[in-house]
Amino acid sequence: MKLDPFYVPTCHPDETLTSFVSRVAAMASRSARDFCLDMGLNFHALRDGDPYEVGAFAELAGFDDGRFPGAILERTGDRSFKMNAEPLPRASLRRSTVRVCPHCIKADLECSADHERVRPYGRWSWMIASVRTCSKHNTPLIVAATDDNPQMLHDFSLHLQPFAEDIDRHVAEARDRVPSDFETYVLSRIKGQPSKFWLSSLPVYAAARACEIIGATKIHGAQVMAETLSEDEWYDAGQAGFEITAHGPESIRAHLNDMQRAFMETRRAWGPKQIYGRLYEWLAHETGDTAYDALREIITEHAFNTLPMGPDDEIFGKRPVKRILHSIHSAHLETGAHPKRLRKVLQAVGLITEDQLTLSDERTLFRAEDAKFHLDRIEESMSLNRARDYINAPRPVERTLLAAGLLKPWLEGGNGVLKDHAFAKRDLDEFLAALTGDALPVTEEEKILVPILRAVKMANCSTSEVVQLILDRRLGTIRMDPDLTGFLAVLVDPEEVKSLVRREDHGGYSLREVEQKLNTTTQVIKALIEHNHLEAEIAVNPINRCPQTIVKRDVLTAFMDKFETASSLARRSGSHLQTMMKRLDGLGVPPAFPKDQIPATFYALDRVRLADPDLIPAP
């Protein structure tokens, strides 16, 4: 069966199926539903684009091949449709509200192709919620009727009749507005036109709604009340969001940075809801659609990288594997350290700047990896005096070890922010472990071993030297006193220590050794040195490390080759001392040094040999 062509108006390529059915029904002076009942059709099925029902209607209307030439919105699920293969959920459509362009309606009415009452037709673009402007007449779409009567639902011609009767007024009141780039993009996507925007990786409905929500937060702030926005405000929001999202993830992240900076100027408590506001609420609680997962991923990554989120924090059901940022508040919760103490420590080590000192604990951020060393130690921190007690060392050993760099504070004081050094229990434990190593308890046969401080006195060295020998594992014998702990429990072999701490030999004779070599007295040696007859110098004793006067070996050898005491010379020559001295005096050989300088008689050997070659035995 086919209808008489009189009842079939012109079908336009951009006309919706329900609009055309309504116009056919209007030609028969029937409502769309009544007409379908009369023809044995199901209007509800036609409204949902059921292929069988559409084919039956197309055949009834006389279309070639039983195909409807206009736009078909096909239901694909309880709340989902598609047009030109583009999925469109019910929320992305305006089906129960009849939106029109007054200029288009007036132009339809002025067309003579059809009966006057069925000339206006519904365009598919008017059903797309994100399209709010007529691209042909550059004017905002307006609501012609609200389709809330079940018997009139989707009956375009029936709803439009009162509006059309007053069309001149509506045209006169129409405003001028050009279609936004956002609206143009949405329409091109539904028409199947290719696009290179990142947005095109999303279904068109998801791209459109993402633009609108992001734009709303851009214009009205993160906490925008979406339900209070007018259609004009949504028009602006869509364009603002498109300008952000069209440039892809980097531009979206820049917007998220702006939202975060805006949050920093408020006093609200920290959290994704407070920072990302409506954008977060929408994606977290109002839609579970996986089409938005790419956007969720961008926000999740941004949150993990820029917010103090740890493994216990969650956004969109995901938790970071590793914390990237800390706030003073999150560090307080993690370590138990007081926020004021944390702020001081972080400032002292340069992890927070002067500019951050005025921020609240939730807003004072720093890199977790950079702070790990300090946060691990802050709660177990102790003063130098407490550190001394902890390692069981007597005063002033702790200061000696500190000065030598063997006892290291994890945080140095005296810097204008912190007064005193701070030591961590774990660092002190490492020091004690290195000090004792795998030392066994001392046995009865090892009574020669002594505590570190006793070995220091016996070896005439410093405490830090003995400790360094232990840490460097240069001592072969280290034991522990089972009745003591820590530093005082360590026992070492003093003789071994002496051999290792002995300084390099200075290469000379002490004055006592010079006395013995010359077989004379201290008074004589000092006089020789004082009057520059014997060269001496100051050197450090290799054993007791005290400065001492020495005579170099080669210097003393040269002196003894040149000079000899009278008593030594008499013994060598087998002569009586007085007899020898008179003989030399008679030969014109005087003492080598004046008697008022040197309280002993020395002769220059070369003069003695020259005057009396027989006096000195041949070598």
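On a predicted model such as this, the values are computed, not experimentally measured, just so you know. (Residues numbered from 1 in each chain as written. Predicted model: local features only at pLDDT ≥ 70, side-chain atom pairs only at ≥ 80, totals over all residues. Heavy atoms only, no water.)

Draft legend 1. Representation of the sheet that holds strand 15 (residues 490-492). Pairing is mixed across the open sheet formed by 4 strands, whose spatial order is 12-14-15-13. In this open sheet, the two strands that pair with only one neighbour each are strand 12 (440-441) and strand 13 (450-451). Judged from the 2 bridges that link them, strand 13 and strand 15 form a sheet pairing that is antiparallel. The partner of proline 451 across the bridge, within strand 15, is leucine 491. (Pairing = 2+ DSSP bridges. Helix = DSSP H or I, 4+ residues; strand = E, 2+ residues; numbered from the N terminus.)

Draft legend 2. Molecular detail of helix 23 (residues 511-518). Listed as buried for helix 23 are Leu511, Val514, Glu515 and Leu518. Across the axial projection of helix 23, the buried residues extend over an arc of 105°, all falling on one side. Residues of helix 23 that are exposed and angled more than 90 degrees away from the buried face: Arg512 and Gln516. Following helix 23 by one or two positions, asparagine 519 has its phi on the positive side, about 55°. (Buried < 20%, exposed > 50% of the residue type's maximum accessible area, 1.4 Å probe, protein only. Arc of directions from axis to C-beta.)

Draft legend 3. Structural view of the nonpolar core. Formed by 57 residues in total, the largest nonpolar core has its most connected members in Leu88, Val186, Tyr276, Leu279, Leu295, Ile299 and Ile315. Only strand 2 (80-83), helix 8 (181-190), helix 9 (204-220), helix 10 (231-245), helix 11 (249-264), helix 12 (272-286) and helix 13 (293-306) provide two or more residues apiece to this core. In terms of residue count, helix 9 provides more of this core than any other element does, 10 residues in total. When residues no more than four places from it in sequence are discounted, the contact partners of isoleucine 299 are Leu256, Tyr276, Leu279, Leu283, Ile315 and Phe316. (Core = buried A, V, L, I, M, F, W, Y, C linked by side-chain atoms within 4.5 Å. Contact = heavy atoms within 4.5 Å.)

Draft legend 4. Region of interest: the pattern of salt bridges. Following the criterion strictly, the structure yields 41 salt bridges and no others. The shortest N-O distance in the salt bridge between arginine 23 and aspartate 114 comes to 3.3 Å. With arginine 23 in helix 1 (residues 17-27) and aspartate 114 in the loop between helix 5 (102-109) and strand 5 (133-134), this residue pair connects regions lying 91 residues apart in the sequence. Each of the two residues, arginine 23 as well as aspartate 114, counts as buried. Between glutamate 297 and lysine 318 there is a salt bridge, with its nearest N and O atoms 2.7 Å apart. Of this pair, glutamate 297 sits in helix 13 while lysine 318 sits in the loop between helix 13 and strand 8 (325-327), placing them 21 residues apart in sequence. When its relative accessible area of 39% is taken as the criterion, glutamate 297 is described as partly exposed. Linked through salt bridges whose partners overlap, the residues forming this network are Arg99, Arg132, Arg209, Glu212 and Glu231. (Salt bridge = Lys/Arg side-chain N within 4 Å of Asp/Glu carboxyl O.)

Draft legend 5. Spatial organisation of unusual backbone geometry. Omega for the peptide link from arginine 395 to proline 396 comes to -10°, which places this bond in the cis form. With respect to the secondary-structure elements, proline 396 resides in the loop between helix 17 (384-391) and helix 18 (397-403). Of note in this structure, serine 29 is not a glycine but carries a positive phi near 55°. Taking relative accessible area as the criterion, serine 29 reaches 55% and is therefore assigned exposed. Non-glycine residue alanine 85 carries a positive phi angle of around 75°.

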